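# Summary of the model geometry
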Amino acid sequence: MKSWNFAIFAEQLITIYYQQAKVSSFNKHNIDLHRVRDMYNAMPEIWPDSDKWYSYTYSKILSYIQTNQSKINLSEDSVIVNIGSGGNEYGILDDHYHVDIAEEKIKYCKKYFVGNAECLPFPDDFFDFGLCLGSVINYCDPMMVISEISRVLKSGGRLFLDFEQSKSLQFFGQKCYDAKASLIKSFNSGNEDYIWVFSLKHISSLCRIHGLYINNVEFFHIISPLVYRITKDEMVAAKFTTLDKLAKKLPFLKEVSCNIILTVQKALK
């Protein structure tokens, strides 16, 4: 018989209460997914080389995958879900099930499903591995997305999850800094955009509640968000991404980043 853990039970109650309190906030300030869909469908490229901010983000994602893929033990029989893929397989050559709201970006993939991350069209315990990259979760209710990820992953299955956090120098001194969830005005390859930003503590809590455990964390875009806050120019700010390596060596800066990538694993049954 499994032992009853009061701390986990209390955390679940607190999070459920918090989520119920926030439902009206998510509904009131709901991101227009039709606008998001149209924006991504119209983009010539999701990760354009000409946009140094996003090309750096893409390079960090690829580097993370290359570094950590060997720990996943994928085989030719592995079943992979790629949530919000935009048609990108990120160098993982195994068979993907692509899910995205932007059909134009995935309609040439072998296996694709038009839908959003909050309601995945797959049975329980179906996937060995998953990807949810490119800040997909920042357009969604994280409770619903993480619940769905946990549902469709097999026992012991892993997923790479990347998101934009609220503990960024872009927001230092503002109400949204390190907030559990806050809706902010942002940018996307020259387009004005609105996204949710979340604290790492909040995302970690949601993962634990849904039986997902964090195995690894990577922080990046540390100094560049502060430069963007001052200049409002993403191209200028992107020039400061070279300072990430130095910033990570400083204890008071290494976890204050715009972007985070996690490796999460579903608990064994």
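In short, a report on the structure. Along each chain, residues carry numbers from 1 onward, in the same order as the chain's sequence is written. Per-residue local features of the predicted model are confined to residues with pLDDT of at least 70, and side-chain atom pairs are confined, for both listing and counting, to 80 or more; whole-chain, interface and lining totals are unaffected and use all residues. Each side-chain value is derived from all of the structure's non-hydrogen atoms; neither hydrogens nor water enter the calculation.

## Remarks on the pattern of salt bridges
What counts here: For this analysis, a salt bridge means a side-chain nitrogen from Lys or Arg found within 4 Å of a carboxyl oxygen belonging to Asp or Glu. Helix numbering and strand numbering both begin at the N terminus, where a helix is a DSSP run of H or I of at least 4 residues and a strand a DSSP run of E of at least 2. Only protein chains enter the area calculation, which uses a 1.4 Å probe; residues under 20% of their type maximum are buried, those over 50% are exposed, and those in between are partly exposed.
Tallying each qualifying case throughout the model produces 11 salt bridges. The salt bridge involving Arg151 is made with Glu148; its shortest N-O contact spans 2.8 Å. Residue Arg151 and its partner Glu148 are located together in helix 5 (residues 142-152), separated by three residues, close to a single helical turn. Note on Arg151: relative accessible area 23%, which makes it partly exposed. The class for Glu148 is buried, based on a relative accessible area of 11%. What you see here is one network of salt bridges that share partners, running through Lys60, Glu218 and Lys248.

## Looking at unusual backbone geometry
A positive phi angle, near 50 degrees, is found at Tyr90, a position not held by glycine. Its place among the elements puts Tyr90 in the loop between strand 1 (80-83) and strand 2 (96-100). What makes Tyr90 buried here is its relative accessible area of 3%. Located in the positive-phi region is His221, a residue other than glycine, with phi close to 60 degrees.

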